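Listed here are the chains, written in short residue letters.
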Amino acid sequence: MTNSAAPHLLPVFARSDLGFERGEGCWLIATNGERYLDFTSGVAVNALGHAHPALVKALQEQATKLWHMSNLFQSPDGEKLAARLCNESFADFVFFCNSGAEALEGVIKLVRHHHFSKGHPERYRIITFEGAFHGRTLATLAATGSAKYLEGFGPPMDGFDQVPHGDIEAVKKAIGPQTAGILIEPIQGEGGVRSATPAFLRALRQLCDDKGLLLAFDEVQTGMGRTGDLFAHRRTGVTPDVMSLAKALGGGFPIGAVLATADAASGMGPGSHGSTFGGNPLAIAAANAVLDVMLKPGFFDHVQKMSLLLKQKLASVIDRHPGVVSEVRGEGLLIGIKAVVPSGDLVAALRSEKLLTVGAGDNVVRFLPPLIVTEAEIEDSVGRLERACTALSSSQTKRAAS
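Every chain begins its residue count from 1, and numbering advances along the sequence as written. Restriction of local features to residues with pLDDT of at least 70 applies here, the model being predicted, together with a cutoff of 80 or more for giving and counting side-chain atom pairs; totals for whole chains, interfaces and linings are based on all residues. Heavy atoms from the whole structure form the basis of all side-chain values; hydrogens and water molecules are not counted.

We apply this condition: UniProt positions are given in the numbering used here, feature names are shortened, and annotations may be inferred rather than shown by experiment.
The name that an unreviewed UniProt entry assigns to the protein is Acetylornithine aminotransferase, with the source organism given as Bradyrhizobium cosmicum. Regarding the protein, the UniProt comment filed under Sequence similarities (unreviewed entry) reads as follows: "Belongs to the class-III pyridoxal-phosphate-dependent aminotransferase family. ArgD subfamily." As its UniProt record puts it under Subcellular location (unreviewed entry), the protein is described as follows: "Cytoplasm".

Laid out in structure tokens, this is it:
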């Protein structure tokens, strides 16, 4: 891993010595012409793959019309997108921003302001969970609560109470007179593809109803089809009051969103929140095009079919290479493989086989193919994993013999 190719970029990423010049569907073509099967999807962003014709067409057409006009004016296409998202979810209102971290900032502000507007400014604390990842701003870092992300940035922002994932008794004990809401990812992506059970989410919903709290779902990674439905909460049977979206919402064009019920958003009037670029016409055009594709009959059936096939194939690899990989996790095409070897070694071995994956917490490697992935590409990816595991097993044998 090196940053030598980008000496003027702030070295906050451990970039590999690999660059790409174009993409086609599930494939990326490197600057040297080599083809890589992309099961990273920009970390769950390129849900429709690369250069999808519907997205290309939407952006090309919008680029000739209007790039930016400010939120001081009406946005007919933005209103259309907001209405579509509301029609497909629990929400009454949508706020558009530019990223997942911004969406989570909006969620945090909305949850706090909800209680302020009802005469309870003391209720500002939010319960979050160990293993979570909510973003890189100061507030979302505090909500994440991980020491490795917080170190060096001064005292963490006040207002977050972190409890063990899946522990309902710990949640109950953390609720106090200052508690405003509960924030959870239906599936922790960065945290190691760890799912919250429907029973746990139902218990959180009941607690929020009983205590007058808002339940917020972070669906930045799980939303927009990644788990086999448009939103993960639709598969759990549990409805939040507030939800964040980003990543796949624009299919690769930066856009985020906060979705909320009318009651949750009460008090969010003019001046309470804002964004210069949020709801940018180019981003709105891309997101509307993404929805056009995803809402066609059969789209999510395909995702679920490919998920089942991938899980079955990965399980067979685990049976043959228990010294390298040990468990398959996740839903839809948010799949994690628990590694026995260091997860970074497995990611590197897969990259050597020209399969791009991404690590996660708990020594997990994520498989995040575009949702348009084909059966043949699933088969291809598993073959590359098989070869990577064989190479790692051979290395282990050689080290043991030396």
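1. Considerations on a nonpolar patch on the surface
Stated precisely, the cut-off is as follows: Grouping into patches uses exposed residues only, defined as over 30% relative accessible area, and leaves out salt-bridged ones; the cut-off is 9 Å for like charges and 5 Å for nonpolar side chains (Val, Leu, Ile, Met, Phe, Trp, Tyr). Surface exposure here means Shrake-Rupley accessible area, sampled with a 1.4 Å probe, where a residue is shielded only by the protein chains that are shown. What counts as a salt bridge is simple: a side-chain nitrogen of Lys or Arg found within 4 Å of a carboxyl oxygen of Asp or Glu. Under the DSSP-based scheme used, a helix requires at least four consecutive residues in state H or I and a strand at least two consecutive residues in state E, with every element numbered from the N terminus.
On the surface, Leu-10, Val-12 and Phe-13 cluster together to form a nonpolar patch covering roughly 360 Å² of accessible area. Following the sequence through the fold, Val-12 ends up in the segment before strand E1 (20–24).

2. A word on the UniProt feature "modified residue: N6-(pyridoxal phosphate)lysine" (unreviewed entry) in the protein
Here is the rule: For every residue, the accessible area obtained with a 1.4 Å probe (protein chains only) is divided by the maximum for its type, and the residue is called buried under 20%, exposed over 50%, and partly exposed between those limits. In this description, contact between two residues means that some pair of their heavy atoms is separated by no more than 4.5 Å. Counted as a polar contact is a pair of N or O atoms within 3.5 Å, where, for protein atoms, one must be capable of donating a hydrogen and the other of accepting one, and residues adjacent in sequence contribute only when both atoms are in side chains.
Feature annotation in UniProt places "modified residue: N6-(pyridoxal phosphate)lysine" (unreviewed entry) on Lys-247, given in this structure's numbering. Relative to the assigned elements, Lys-247 resides in the loop between strand E11 (242–245) and strand E12 (256–260). Residue classification places Lys-247 among the partly exposed residues on the basis of a relative accessible area of 23%. Aside from chain neighbours lying at most four places away, what touches Lys-247 is Val-43, Ala-44, Val-45, Val-220, Gln-221, Gly-252 and Ile-255. Of the polar contacts made by the side chain of Lys-247, one reaches the backbone oxygen of Val-43; its length is 3.0 Å.

3. Points about the packing of aromatic side chains
Basically, it comes down to this: Any two of the Phe, Tyr and Trp rings considered here, Trp counted by its six-membered ring, make a pair once their centres fall within 6.5 Å; the pair's planes then place it as stacked at under 30 degrees, edge-to-face at over 60, or tilted in between.
Summed over the entire model, instances satisfying the criterion amount to five aromatic pairs. A ring pair is formed by Phe-129 and Phe-200, whose centres lie 5.7 Å apart and whose planes are at 80 degrees; its orientation type is edge-to-face. Remark: Phe-200 occurs in helix H8 (residues 198–211) and Phe-129 occurs in strand E5 (residues 125–129); sequence separation between them is 71 residues. Note on accessibility: Phe-129 and Phe-200 belong to one class, buried. Between Phe-299 and Phe-300, the ring centres sit 5.4 Å apart and the planes meet at 90 degrees, which makes this aromatic pair edge-to-face. The two residues Phe-299 and Phe-300 agree in class, both being buried.

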